[in-house]
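# Structural features, examined
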Amino acid sequence: MRPPGPGYTIRFSEVTVRFGATEALRNITAEVPGGSFRSIVGESGCGKTTLLRVAAGLQACSAGTVTFMDERGHPVTPAEGEISVCFQEPRLLPWRSALANVALPLELAGVPRRERLARARELLAVTRLDAAERRLPAQLSGGMRMRVGLARALVTRPRVLLLDEPCSALDDFTREEMDDEIWRLYQATGATCLLVTHGVAEAVRLSESVIVLGGQPGQLHAVHPITLAHAERGNRACDAFADALSGLMREIARGRAGGAR
Amino acid sequence: MRLARAVAPVATLLVALVCWEVAVLVLKPPAFLVPAPSAVAKAAYEEAPMLAAATMRTALGSAGGFMVAGALGLVLGSAIAAVGFLRRGIYPLATIFQMVPLVAVAPLMVIWFGYGVKTTIAASAVVAFFPVLASTIDGFASVDPGLRELFAMHGSRGLSRWRKLDLPASLPSIATGLRIAAGLAVIGAVVGEFVSGYGGRDAPLGIVILTAMREARTDLVFAAVALAAIVGFSLFGIVNAASWLLLRRWHASAR
């Protein structure tokens, strides 16, 4: 379950991304400490997903850099599979069983069949999908598909897990379940997690601090800490959770007002 | 359920045949103009060995042409879809070539391949090739970009990605192309037989039709045409069954 070492630190230094003439992100400097859980929130179109894609290496910076560092602070070039992405849509191959979908990253990396299937089964057990291993994506519910996507992202023992609104297509109840799942997996793997989300409650539930983006082009408005105990995170009905939620909402509102100025 | 759905068209066909039979009995047209279905069946029965051999030859030509067209369409389509300058250079030309009335190309096949089954296969392949090519290119072009990105993230490209992503994702589209090609392959084969004109004892259905026409054996013409239709129907059925087997588990088109 755990990666070979602790999660890498992600450092964005003065990251700017332009698509042709339009600027999507301007001068973002932020750090996600190794082994921590951080979310990116902000209004639609402020470049949240773009920032995540920069970290994933799927989007080049127009200016600035993104670096990964090990626990001693040395810059590293992550090996294949050390950075995993869980996309907004689960992106499963419809002709493959849940098991074969989870095993795909290992298959593409050339891991022998027996080994990759054993590893994929392990992940299906962790995500409580063992009974569904032979089912095709079309035979799974939305939440189960998402869990398959999560299992696939974790199958390579990543040190960095990037989550791009993985729960946005789910209903509220399933989303809460998924959030608990993500938190559990985060605790179990020790990977650095970066989550893009529209859900403010989800950000409070999961993250140790929240990167608030705002404006167009998206700029860093604040890094807002969430100081909740483990038990408080799991209970959305408790006062501490409500306080943390309203604190984050105020921060986002300030960001909006700032962006309009 | 499947059987129940077949009842209506089969019944319609039987009724049409009965009407035809009755019409011939009542109106008594000359037999060389419109023979009765019973006369066609009688001719088919009397000439059964010759017709069976001819049907086998036409089936061979059609199936051969279909397979050549399928293989070439798949390989060239994959290559064209994968390589940018090929896509820009060849695909428009391929579309234009599709406008060439391929029946008119058949004599060229005789010049290149001589008189015989090779020409039949070539003519059949020429006619059946373009739907496979076009559907392959379309299929590859419409692979989910998200899945492409996933494979790119894991450093997968080339043949491995082709086998694990592009080909299975394109199968529904390719299957449609192959279904069209199955019907066209028989048309191409019969036209190839018309022009390549090899005959005598080895005559395929195309030649049987021409010979029977010259001898005013209209009953035999009908019998041979019906058999050619059955060849086309069988080829189509095989392709349909194969695509159903491949796609039934995951694709909506096969449910």
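These figures come from a predicted structure and were not determined experimentally. (Residues numbered from 1 in each chain as written. Chains lettered and ligands numbered in written order. Predicted model: local features only at pLDDT ≥ 70, side-chain atom pairs only at ≥ 80, totals over all residues. Heavy atoms only, no water.)

## Points about the overall build of chain A
Formally: For helices the rule is a DSSP run of H or I covering at least 4 residues; for strands it is a run of E covering at least 2, with both sets numbered from the N terminus onward. Just to be clear, the radius of gyration here is over C-alpha atoms, and the globule rule we use is 2.2 Å times residues to the power 0.38. Summary of the burial criterion: residues with accessible area below 20% of their type's maximum are buried, those above 50% are exposed, and those between are partly exposed, where the area comes from a 1.4 Å probe applied to protein chains only. The contact criterion used is simple: two residues touch if any of their non-hydrogen atoms lie within 4.5 Å. Per-residue and other accessible areas follow the Shrake-Rupley method at a 1.4 Å probe size, with only the shown protein chains counted as cover for residues. Charge assignment: positive for Lys and Arg, negative for Asp and Glu; neither His nor the chain ends contribute. To locate a charge, the coordinates of NZ of Lys, CZ of Arg, CG of Asp or CD of Glu are taken.
Scanning chain A from terminus to terminus reveals eight helices and 10 strands. Computed over its C-alpha atoms, the radius of gyration of chain A comes to 18 Å, within 12% of the 18 Å expected for a compact globule of 261 residues. Reported as C-alpha extents along the three principal axes, the dimensions of chain A are approximately 60 × 40 × 35 Å. In chain A, buried positions account for 54% of the 261 residues. Contacts in chain A between residues at least 24 apart in sequence constitute 72% of all its contacts with a sequence separation of at least 6. Split by element, the accessible area of chain A, about 11,200 Å² in all, is 50% carbon and sulfur. Each charge sign in chain A was given a centre, from 32 positive and 29 negative side chains, and these centres are 4 Å apart.

## Here's the deal with empty space enclosed by the protein
Where we set the bar: A pocket here means an open set of points on a 1 Å grid, computed over the protein atoms alone, that has protein on both sides within 12 Å along at least five of seven lines. A cavity is instead a set of points where a 1.4 Å probe fits but cannot get out; residues with an atom within 4 Å of a point line either one. Grid points are joined across faces, edges and corners, and a volume is the space filled by probe spheres set on the points. Any residue that is not Ala, Val, Leu, Ile, Met, Phe, Trp, Tyr, Cys, Pro, Asp, Glu, Lys or Arg is counted as polar, Gly included; the first ten are nonpolar and the last four charged.
Overall, the coordinates contain four cavities of 30 Å³ or more when judged by the stated rule. Taken as a whole, the largest cavity spans an internal volume of roughly 60 Å³. Around the largest cavity, the lining residues are Ile83, Ser84, Val85, Phe87, Pro105, Arg152 and Ala153 of chain A together with Leu150, Met153 and His154 of chain B. For the lining of the largest cavity, the elements supplying multiple residues, two or more each, are β6 (83-86) and α4 (142-154) of chain A together with α7 (145-153) of chain B. With three residues, the single largest contributor to the lining of the largest cavity is β6 of chain A. The class makeup of the residues in the lining of the largest cavity is seven nonpolar, two polar and one charged. Around the second largest cavity, the lining residues are Leu102, Val103, Val105, Ala106, Met109, Ala123, Val126, Val127, Gly188 and Val191 of chain B. Put simply, the parts of the chain that give the lining of the second largest cavity at least two residues each are α5 (106-113), α6 (117-141) and α8 (158-196) of chain B. With three residues, α6 of chain B is the largest single contributor of residues to the lining of the second largest cavity.

## Focus: the nonpolar core
Soluble globular proteins tend to bury their nonpolar side chains together. Residues and elements named next belong to chain A. Basically, it comes down to this: As used in this record, nonpolar core signifies buried Ala, Val, Leu, Ile, Met, Phe, Trp, Tyr and Cys residues forming a set joined through side-chain atoms within 4.5 Å. What counts as a domain boundary in this text is fixed by an automatic or database domain assignment.
Counting residues in hydrophobic clusters, the biggest one holds 40 residues, and the most contacted among them are Ile10, Phe12, Leu162, Leu194 and Leu213. Here this core spans two domains, since at least three of its residues come from each of domain 1 (35-69 + 165-261) and domain 2 (89-158). Look past the residues within four positions of Phe12 in its chain and what remains in contact with it is Ile28, Thr29, Ala30, Leu51, Val54, Ala55, Thr65, Val66 and Leu194. In this structure, Val102, Leu150, Val155 and Leu185 belong to the second largest nonpolar core, which totals 36 residues.

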